[in-house]
Amino acid sequence: MRQYGTRACSIFLEPAYFAQYACIFLVLELFYKAGTERLYTKLSIFIVAILLLSRSGCALLGLATVAAVKLITYLRYTKRSMGYLLFVLPIIGMSIFYYFSTDVGVALLDRTAELNTEGSSGYMRVFQGYFIYDYLPLINKIFGISTEDLMNMNIPFLSVGRDGEVAMFTNGLFTLLIRTGFVGFIIFMYIYIKMYKSTNIVGKASLWLLLSLSLVEQVYLLFPMMLCTVLTTKEFNNTIQR
């Protein structure tokens, strides 16, 4: 499968899954290894290049999130002036323009058409969860619904394959809403906001990354979510400080 593919993804099923782990690794490089005094490391440049060449929208969103948090953190802790920011932003803008003019960038822009194509992978990841949640009865919107009960509801816009399998792929945010309801969503956000307030910059960057991935990928209760959560814990913070 890999030798005939046009997008590199290492041992992963597709580049989006590869990008999730690469972005988490980038967080460790930029916020733990580089600290607050350095803007980048040599290895972080290599990781960024891999993400850019992966032709994955997930990679680009994760990279943009991590880079934005890093730039804000760097300016804050090094007390750089606004003049420095005005110098950096044009360089970033020209780099983005150049990237999207290359073959890799053009191919990535072409894939954004999936967002307007019902039934495509990109469409299901971003929008399908909203339609499912909107279709649910009020009681399930409040308290959630199990996957088995959801499959038995015969929701009209869910396609069913020849083997009877329902094509349902929702992002992490709406998976949380569908499974636990609005009540579960509020509890979940309360816990993670408390974690955000008590963790260090590595944990904060991890949670921002988790939020951005949750908008486009199914990460709920999966390994990327677990890794981002582990990076926020006091046990991990104490370990890396030692």
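Just so we're clear, the structure is a prediction, and the values are computed from it rather than from any experiment.

Calculation rules
Residues numbered from 1 in each chain as written. Predicted model: local features only at pLDDT ≥ 70, side-chain atom pairs only at ≥ 80, totals over all residues. Heavy atoms only, no water. Helix = DSSP H or I, 4+ residues; strand = E, 2+ residues; numbered from the N terminus. Contact = heavy atoms within 4.5 Å. Axes fitted to C-alpha atoms, helices over the stretch in contact; angles between N-to-C directions. Parallel < 35°, antiparallel > 145°, perpendicular 65-115°, else oblique. Left-handed = near helix turned anticlockwise from the far one by under 90°. Nonpolar A, V, L, I, M, F, W, Y, C, P; charged D, E, K, R; others polar. Buried < 20%, exposed > 50% of the residue type's maximum accessible area, 1.4 Å probe, protein only. Expected span 1.5 Å × (residues − 1).

**Q** Account for the overall build of the chain, naming residues and giving values.
**A** For the chain, the helix and strand inventory stands at 12 helices and zero strands. N-terminal to C-terminal, the α/β element order of the chain is α-α-α-α-α-α-α-α-α-α-α-α. Contacts in the chain between residues at least 24 apart in sequence constitute 66% of all its contacts with a sequence separation of at least 6.

**Q** I'd love a proper account of the packing of helix H3 (residues 57-78) against helix H10 (residues 201-214), names of residues and values included.
**A** Contact pair H3 / H10: the axes reach a minimum separation of 9 Å and the direction vectors enclose 150°. Our classification of the angle between H3 and H10 gives roughly antiparallel. In this structure, H3 meets H10 at a crossing whose hand is right-handed. Residues Cys 58, Leu 61, Gly 62, Thr 65, Val 66, Val 69 and Thr 73 of H3 form the contact with H10, whose own contacting residues are Ile 201, Ala 205, Trp 208, Leu 209, Ser 212 and Leu 213. Grouping the amino acids of the contact of H3 with H10 by side-chain chemistry returns nine nonpolar, four polar and no charged.

**Q** Would you mind going over unusual backbone geometry in detail, with residue names and values included?
**A** One non-glycine residue, Arg 55, adopts positive backbone phi at about 60°. Secondary-structure assignment places Arg 55 in the loop between helix H2 (42-53) and H3. What makes Arg 55 partly exposed here is its relative accessible area of 24%. With phi around 65°, Leu 221 is a residue other than glycine that occupies positive phi space. By the secondary structure assignment, Leu 221 is in the loop between H10 and helix H11 (223-230). On the basis of relative accessible area, Leu 221 is assigned to the exposed category, the value being 59%.

**Q** Kindly report on helix H1 (residues 15-33), identifying the contributing residues and their values.
**A** Given 3.6 residues per turn, any residue in an α-helix points the same way as the ones three and four places further on. For H1, spanning 19 residues, the distance from its first C-alpha to its last is 25 Å, which sits close to the expected 27 Å at 1.5 Å a residue. Considered for burial, the residues of H1 that qualify are Pro 15, Ala 16, Ala 19, Gln 20, Ala 22, Cys 23, Ile 24, Leu 26, Val 27, Glu 29, Leu 30 and Phe 31. Downstream of H1 by one or two residues, Gly 35 has phi in the positive range, about 75°.

None of the figures reported here should be taken as evidence of function without further support.
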